[in-house]
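# Analysis of the macromolecular model
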Amino acid sequence: MKKRLLQRITFIAMRGVTYFIVLVIAYILIDIAWKGLPAISWKFLFSFPSDSGFGGGILPAILGTIYLTTGTILIALPLGMASAVFLTEYAKQGYLNQSIRLAIVTLAGVPSIVFGLFGLGLFVLFCGFGVSIISGSLTLACMILPTIIVSSEEALRSVPRALREGSLALGATKWQTIRRNVLPYAVPGMMTGAILGVGRAAGETAPILFTAAVAFKMVLPASVWSDTMALPYHLYYLATQGQDVVKVRPYQYGTAFVLLALVLAINLVAILIRSHFRKKYRW
Amino acid sequence: MVDPQTNSPDAAQQGPTHGLTVPTAQPRLKKTPVRAHFEPKVVVEHLNFYYSGTQVLFDVSMQIPANQVTALIGPSGCGKSTYLRSLNRMNDIVEGAKLDGTVLIDGQDIYAPSTDVVSLRRRVGMVFQKSNPFPKSVFDNVSYGPRIHGTRDRSRLNEIVEASLIQAGLWDEVKDRLDASAIGLSGGQQQRLCIARALAVDPEILLMDEPASALDPKSTARIEDLIGELRENYTIVIVTHNMQQAARVSDYTAFFYEGKMVEFDATEEIFTTPSQKQTLDYVTGRFG
């Protein structure tokens, strides 16, 4: 009887914890939506800021975040997938490979401000890209690469060996096998990594602090070489530089709401791609 | 690309043993092969094989006749699968695998540095123990091989797919659902699909690694019938656990034990009057 009681208590505790987490998230989301929605208007979404950024719209910040996130994914996804393919399919499994894996996992735990300073040193100053979308995207890409590599590796390893052998036995080259008979089945898993990465890239402030973002800009970025406003940085700016709290607060909530909605929208695209591939290839 | 269903003349030119050899045309000769007709397709000499330092094959020498079915029998772990996989170099992808000795196919050393593994595997098809259809449509499964070898023309692909499926005895069952996923087929159908897929690249040799071990008796019988039909056009090497199966489908049988090839002879000899005591003990069920 005691065992069953213990089991019941454990289950109830686990259920309680789960509900608690859901509640906290729901509270945050509802709070932001509740206070942010009133600030949302066509003017807010589609016009330029005024009053040193404390009034008007946030169009440059929205576009800036879209540019940065897109740039990050365009850089990080191919790089991450390629290195995952190399590590799982081509590299010799040995000491060196293990060290590289360890380095990648460690990289995932590096604080984002360190990436920001690294980006400042390498891309902004050394490469001479300046404070720009390209520098910011490269910095964010470095930050989310570990996530993408690890989940891509996982996805590649989950493709059964029998499928590779079947393809090789037909006279396919290793690359043909990977390209046609491994990668397509690994896409859903890779997308999961991309989803996690995009969320982080869109929301981080520290990595773009010195590499891409400016507080206030009355023109849209002309090219990838321009600096830009960005939602998370704008939020940070509103929260720290605002003098008139009552006046600025709706803008903060509005901005936070837009950022959340944007991340959700980008994730939705990734989720659609994922479910498309999941449906197409099942084994 | 030659139509796999018929022996086209150019296939016969490429491989002297392709299609035109005498023994298979006369079924009654099957069980009592005349040595003069023994045309070796594969010649293996002093083959030793190691997995990460552990030797699993010891000095195997054996000639596999063209356009005949050769069965490899023996207890689990005797090296017969390893031997089979060394004929299309599938062992290459196993880390720590090492091999010495020679394997000649039509006189060409397949382990020579100049050998192109890709074209070798195209000539030496393989069917695996566990059917491994790709999670694609039936059509894409069969056309996978021709496509990677450069066939783009849709009508040509259609012909190859149909011919291969007919040859594998699956056409009537799947002709209305070529676009359906191969994963939805039954186990026996999946295995015949894998055979069709292997035939679609028009190989000369077909290696089968216990192709029916995971199937029910009815599907097994279908696969065995199929092997009987395919021997006319292909050199077949089949690994099997099932001695009745070896006796039913093969012309020649090799008995492997503990990494050594104990005996190789016409199947009838192996099952009635083997020259080695170990062989006799095994085929009469005294061990294994």
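Above: the structure in question.
Residues numbered from 1 in each chain as written. Chains lettered and ligands numbered in written order. Predicted model: local features only at pLDDT ≥ 70, side-chain atom pairs only at ≥ 80, totals over all residues.

Assigned secondary structure in chain B consists of eleven helices and ten strands. Relative to its 288 residues, chain B shows a buried fraction of 46%. Across chain B, contacts joining residues at least 24 apart in sequence account for 68% of those joining residues at least 6 apart. (Helix = DSSP H or I, 4+ residues; strand = E, 2+ residues; numbered from the N terminus. Buried ≥ 20, exposed ≤ 12 C-beta atoms within 10 Å, placed from the backbone. Contact = placed C-beta atoms within 7 Å.)

In this section: the overall build of chain A. When its secondary structure is counted, chain A shows twelve helices and two strands. Overall, chain A shows an N-to-C arrangement of helices and strands of α-α-β-β-α-α-α-α-α-α-α-α-α-α. In terms of principal-axis extent, the alpha carbons of chain A reach across some 70 × 65 × 35 Å. Looking at chain A as a whole, 40% of its 283 residues qualify as buried. Restricting to contacts in chain A with at least 6 residues of sequence separation, those with at least 24 account for 78%.

Another aspect to go through is the sheet that holds strand 4 (residues 97–105) of chain B. One open sheet holds the four strands; their spatial order is 2-1-4-5 (chain B), and the pairing between them is antiparallel. The sheet terminates laterally at strand 2 (54–65) and strand 5 (108–109) of chain B, the two strands that pair on one side only. (Pairing = 2+ DSSP bridges.)

Residues and elements named next belong to chain B. Here His46, not a glycine, exhibits a phi torsion of approximately 50°, which is positive. With respect to the helices and strands, His46 occurs in strand 1 (residues 40–51). Among the residues examined, His46 registers 11 C-beta atoms within 10 Å and is labelled exposed. The backbone of Arg89 shows a phi angle near 55°, a positive value even though the residue is not glycine.

Further remarks concern the nonpolar core. Leu72, Ala196, Leu206, Leu207, Ile236, Val237 and Ile238 of chain B are the most contacted members of the largest nonpolar core, which has 78 residues in total. Considering every element that reaches this core, the biggest residue donor is helix 7 (residues 187–199) of chain B, with six residues. Apart from the residues within four sequence positions on either side, Leu206 of chain B is in contact with Gly125, Val127, Ala198, Leu230, Tyr234 and Ile236 of chain B. Counting residues in each nonpolar core, the second largest holds 66 residues, with Met191, Ala206, Phe210 and Leu235 of chain A among its members. (Core = buried A, V, L, I, M, F, W, Y, C linked by C-beta atoms within 7 Å.)

In this section: the environment of Ala194 of chain A. Residue and element names in this part refer to chain A. Looking at where Ala194 falls in the secondary structure, it is placed in helix 9 (residues 183–203). Here the alpha-carbon distance between Ala194 and Asp31, two residues 163 residues apart in the chain, equals 27 Å. Once residues within four sequence positions are removed from consideration, Ala194 is found in contact with Ile73, Leu77, Ile148 and Ala270.

Residue and element names in this part refer to chain B. Strand order in this open sheet of six strands is 6-7-8-3-9-10, and the pairing throughout is mixed. Edge positions in the open sheet fall to strand 6 (124–127) and strand 10 (260–266), since each of these has one partner strand only. Adjacent strand axes in the sheet meet at a mean angle of 15° when their direction is disregarded. As paired elements, strand 6 and strand 7 (residues 205–209) share four bridges and run parallel to each other. What sits directly across from Met126, in strand 7, is Leu207. Those strands touched by helix 7 are strand 6 and strand 7, and its axis lies near 170° from that of strand 6. (Axes fitted to C-alpha atoms, helices over the stretch in contact; angles between N-to-C directions.)

Our focus in this paragraph is helix 5 (residues 154–167) of chain B. All names here are of chain B. With 14 residues, helix 5 extends 20 Å between its outermost C-alpha atoms, agreeing within 8% with the 20 Å of an ideal straight helix rising 1.5 Å per residue. Looking only at helix 5, the buried set comprises Ile160, Val161, Ala163, Ser164, Leu165 and Gln167. Buried residues along helix 5 sit against helix 4 (138–148), helix 6 (171–174) and helix 7. (Expected span 1.5 Å × (residues − 1).)

Turning next to the pairing of strand 2 of chain B. In this structure, strand 1 of chain B lies alongside strand 2 of chain B, joined through eight bridges in antiparallel fashion. Bridging across to strand 2 of chain B, Tyr50 of chain B finds its partner in Gln55 of chain B.

All names here are of chain A. Between helix 3 (residues 59–90) and helix 9, whose axes approach to 10 Å, the crossing angle comes to 145°. Every pair of crossing elements has a handedness; the one defined by helix 3 and helix 9 is right-handed. Across the interface between the two elements, Thr65, Thr69, Thr72, Ile73, Ala76, Leu77 and Met81 from helix 3 touch Met190, Ala194, Gly197, Val198, Ala201 and Ala202 from helix 9. Grouping the constituent residues of the contact of helix 3 with helix 9 by class yields nine nonpolar, four polar and no charged. (Left-handed = near helix turned anticlockwise from the far one by under 90°. Nonpolar A, V, L, I, M, F, W, Y, C, P; charged D, E, K, R; others polar.)

All names here are of chain A. Looking at the secondary structure, you find Ala206 in helix 10 (residues 206–209). Overall, the presence of 20 C-beta atoms within 10 Å leaves Ala206 in the buried class. Residues Ala206 and Leu140, 66 residues apart in the sequence, show an inter-C-alpha distance of 9.6 Å. Look past the residues within four positions of Ala206 in its chain and what remains in contact with it is Ser112, Ile113 and Gly116.

All names here are of chain A. With respect to the helices and strands, the residue Ala39 is situated in the loop between helix 1 (2–36) and helix 2 (42–46). Ala39 sits 18 residues away from Gly57 along the chain, and the two C-alpha atoms are 10.0 Å apart. Non-local contacts of Ala39, meaning those with residues more than four positions away in its chain, are made with Phe44, Pro250, Tyr251, Tyr253 and Gly254.

Right, let's talk about the packing of helix 4 of chain B against helix 5 of chain B for a bit. Residue and element names in this part refer to chain B. Close contact between helix 4 and helix 5 brings their axes to 9 Å; oriented N to C, the two are set at 110°. By the criterion of interaxial angle, the relationship of helix 4 to helix 5 is roughly perpendicular. Handedness of the crossing formed by helix 4 with helix 5: right-handed. On helix 5, the residues that touch Phe139, Val142, Ser143 and Pro146 of helix 4 are Leu157, Ile160, Val161, Ser164 and Leu165. Looking at side-chain class alone, the contact of helix 4 with helix 5 contains seven nonpolar, two polar and no charged residues. (Parallel < 35°, antiparallel > 145°, perpendicular 65-115°, else oblique.)

This brings us to the interface of chain B and chain A. Contacts between the two partners involve 23 residues from chain B and, on the opposite side, 17 residues from chain A. Of all the secondary structure elements, the ones that give two or more residues to the side of chain B that touches chain A are helix 3 (117–123), strand 6, helix 4 and helix 7 of chain B. With four residues, helix 3 of chain B is the largest single contributor of residues to the side of chain B that touches chain A. Looking at the side of chain B that touches chain A residue by residue, the class counts come to twelve nonpolar, six polar and five charged.

Residue and element names in this part refer to chain B. Here helix 7 contains 13 residues, and its C-alpha end-to-end distance of 19 Å stays within 8% of the 18 Å for a straight helix at 1.5 Å per residue. The element helix 7 is largely enclosed, with a buried count of twelve among its 13 residues. Within helix 7, burial applies to Gly188, Gln189, Gln190, Gln191, Arg192, Leu193, Cys194, Ile195, Ala196, Arg197, Ala198 and Leu199. Looking at the buried residues of helix 7, the elements they touch are strand 6, helix 4, helix 5, helix 6, strand 7 and helix 8 (217–230).

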